[in-house]
Amino acid sequence: MTLPTVDLAGLGFDAGAHILVRLALDEVEPGSEVGVVGTHPELLGDLTAWCRSQGHTCLPNGGVPGVRALVRKGRASVAAWVGSVRARSEEHTSELQSL
């Protein structure tokens, strides 16, 4: 199986790199890893902080040639939606009316 990889080139987290990482993580199951490639000088520091804030794990270098880091998808992004109800749905509206 090929490691899914996102190439950020020179894009920094201050310019939207986190969006590309998030989109790559949306394609894998919790516990799976995505490789991150990029040349921005602050990439590892920003990626590590972002992963921590989002419930993922950042493994700098990751032992994969050419990859700067591996991001292991956490379960928090999935758990946040358990039991959620879409706003303005019939279920949501009936809950509000019963209050």
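Bear in mind that the values here come from a model prediction, so they are computed numbers and not experimental data.

As summarised here, the arrangement of the four strands in space is β1-β2-β4-β3, forming an open sheet in which the pairing is mixed. Edge positions in the sheet fall to β1 (5-7) and β3 (57-60), since each of these pairs with one other strand and no more. Strand-to-strand, the axes of this sheet are offset by a mean angle of 25 degrees, without reference to chain direction. Taken together, the four bridges between strand β2 (residues 33-37) and strand β4 (residues 69-72) define a ladder with antiparallel strand orientation. When the bridges of β4 are listed, Glu33 appears paired with Arg72. Helix α1 (residues 17-26) contacts β1, β2 and β4 of the sheet and is inclined by roughly 160 degrees relative to β1. Across the sheet, helix α2 (residues 43-54) lies against β2, β3 and β4, angled at about 155 degrees from β3, the strand it touches most.

Another aspect to go through is the pattern of salt bridges. Oppositely charged side chains may form a pair once their charged atoms are brought near each other. Counting across every chain of the model gives two salt bridges. Residue Asp26 is joined to Arg22 by a salt bridge in which the shortest nitrogen-to-oxygen separation is 3.5 Å. Of this pair, Asp26 and Arg22 both sit in helix α1, four residues apart, roughly one helical turn. On the basis of relative accessibility, which here comes to 47%, the residue Asp26 falls in the partly exposed class.

Both the distance between ring centres and the angle between the ring planes are used here to describe each pair of aromatic rings. One pass over the structure, following the stated rule, counts one aromatic pair. With centroids separated by 6.2 Å and ring planes inclined at 55 degrees, the aromatic side chains of Phe13 and Trp50 adopt a geometry described as tilted. With Phe13 in the loop between β1 and α1 and Trp50 in helix α2, the pair connects residues that are 37 residues apart, well separated along the chain.

Of note, His40 is situated in the loop between β2 and α2. Within the local environment of His40, its side chain forms a polar contact with the backbone nitrogen of Glu42, the two atoms lying 3.1 Å apart. Leaving out residues up to four positions away in the same chain, His40 has contacts with Ala9, Gly10, Leu11, Gly12, Asp14 and Arg68.

What follows deals with α1. Taken as a whole, α1 has its buried residues at Ala17, Val21, Ala24 and Leu25. Down the axis of α1, the smallest arc covering the buried residues is 100 degrees, so these residues share one side. Looking at the buried positions of α1, the neighbouring elements they touch are β1, β2, α2 and β4.

Right, let's get into the environment of Arg72. Looking at the element boundaries, Arg72 is found in strand β4. The exposure class of Arg72 is partly exposed, given its relative accessible area of 33%. With 15 residues separating them in the primary sequence, Arg72 and Thr57 have C-alpha atoms 5.0 Å apart. Side-chain polar atoms of Arg72 contact the side chain of Glu33, separated by 2.6 Å.

Thresholds applied
- Residues numbered from 1 in each chain as written.
- Predicted model: local features only at pLDDT ≥ 70, side-chain atom pairs only at ≥ 80, totals over all residues.
- Heavy atoms only, no water.
- Pairing = 2+ DSSP bridges.
- Helix = DSSP H or I, 4+ residues; strand = E, 2+ residues; numbered from the N terminus.
- Axes fitted to C-alpha atoms, helices over the stretch in contact; angles between N-to-C directions.
- Contact = heavy atoms within 4.5 Å.
- Salt bridge = Lys/Arg side-chain N within 4 Å of Asp/Glu carboxyl O.
- Buried < 20%, exposed > 50% of the residue type's maximum accessible area, 1.4 Å probe, protein only.
- Phe/Tyr/Trp six-rings, centres within 6.5 Å; stacked < 30°, edge-to-face > 60°.
- Polar contact = N/O pair within 3.5 Å; in protein donor to acceptor, adjacent residues only side chain to side chain.
- Arc of directions from axis to C-beta.

It is worth stressing that arrangement in space is one thing and function is another; only the former is reported here.
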